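Geometric and topological summary
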Amino acid sequence: MAMASSLSFSTPIHTKQNPFSYHSSNPFFPQLTHKPSRSLIVSCAATTSSIEAATQTSSTTTISSKSLPFRVGHGFDLHRLEPGYPLIIGGINIPHDRGCEAHSDGDVLLHCVVDAILGALGLPDIGQIFPDTDPKWKGAPSSVFMEEAVRLMHEAGYELGNLDATLILQRPKVSPHKEAIRANLCKLLGADPSVVNLKAKTHEKVDSLGENRSIAAHTVVLLMKK
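Residues numbered from 1 in each chain as written. Predicted model: local features only at pLDDT ≥ 70, side-chain atom pairs only at ≥ 80, totals over all residues. Heavy atoms only, no water.

**Some points on the pairing of strand β6 (residues 196-201)**
Pairing between strand β5 (residues 158-168) and β6: 6 bridges, direction parallel. Paired with Ile168 across the strands is Lys201, a residue of β6. For the handedness criterion, the β-α-β arrangement of β5, helix α6 (residues 178-189) and β6 is classed as right-handed. (Pairing = 2+ DSSP bridges. Helix = DSSP H or I, 4+ residues; strand = E, 2+ residues; numbered from the N terminus. Right-handed = clockwise from strand over helix to strand, strands pointing away.)

**A few points about the pattern of salt bridges**
Two side chains of opposite charge can pair, provided their charged atoms sit close to one another. Enumeration according to the criterion identifies 7 salt bridges in this entry. The partner of Arg151 in a salt bridge is Glu148, and the shortest N-O contact between them spans 2.8 Å. Taken together, the positions of Arg151 and Glu148, both in helix α5 (residues 143-155) and 3 residues apart, correspond to about one turn of that helix. Residue Glu148 is classed as partly exposed on the basis of its relative accessible area, which comes to 24%. Put simply, Arg182 and Glu179 hold a salt bridge, and the shortest N to O gap is 3.3 Å. Taken together, the positions of Arg182 and Glu179, both in helix α6 and 3 residues apart, correspond to about one turn of that helix. By relative accessible area, Glu179 is classed as partly exposed at 48%. Each of the salt bridges in this network shares a partner with another, and the network as a whole consists of Arg80, Glu82 and Glu101. (Salt bridge = Lys/Arg side-chain N within 4 Å of Asp/Glu carboxyl O. Buried < 20%, exposed > 50% of the residue type's maximum accessible area, 1.4 Å probe, protein only.)

**Here we look at the pairing of strand β1 (residues 70-82)**
Looking at chain direction, β1 and strand β7 (residues 214-225) are connected through 11 bridges and run antiparallel. Following the sheet pairing, Phe76 is matched in β7 by His218. Note: β1 against strand β4 (residues 99-100), 2 bridges, orientation antiparallel. In the sheet register, Glu82 faces β4, and the bridge partner there is Gly99.

In structure tokens:
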């Protein structure tokens, strides 16, 4: 028993060499024959933390200080059409037997434009900034969302270069209301009519859009540095 005990303490147990072991032959720690002291461990941890903090700071600074001469954003929105709701497009109430079911007023065009502006600025989408879980936005006019998007655009140092929007719906016909919609859109954006374009298409009676069960919109915006 004494011999076994002696061997267990005097004979080293050879294992696969770890590049970060503390054996004296390790080129990383040539002087270490024992585990590092607490001060060394703390020092290593502090260095790692400093590197991580510097990396995060550098990354954040790069993103926040990035200034481009122009930015492009795309927006998309779709709402289900149901009886008993008003149909509001671009802030204009359109006579129809159905309207958009939504937490706010369901303005598919304004929601789409807001998302395009937010996307161009690299910001969260409209659902994150104005969540439908917040009772504050229940039935809210979408012009409120537009005003905030335009404010953020100017705050970031940009102005609207141009906007191109496409409405997709089977009914009703948009052409009788097109100029009123575009004029209100220009007013909300503070933009000249020459840089705001609005198109409307049917969906050839295909899927929910073509069956008059939903309405959708696409928007592309170009923001220019002031």
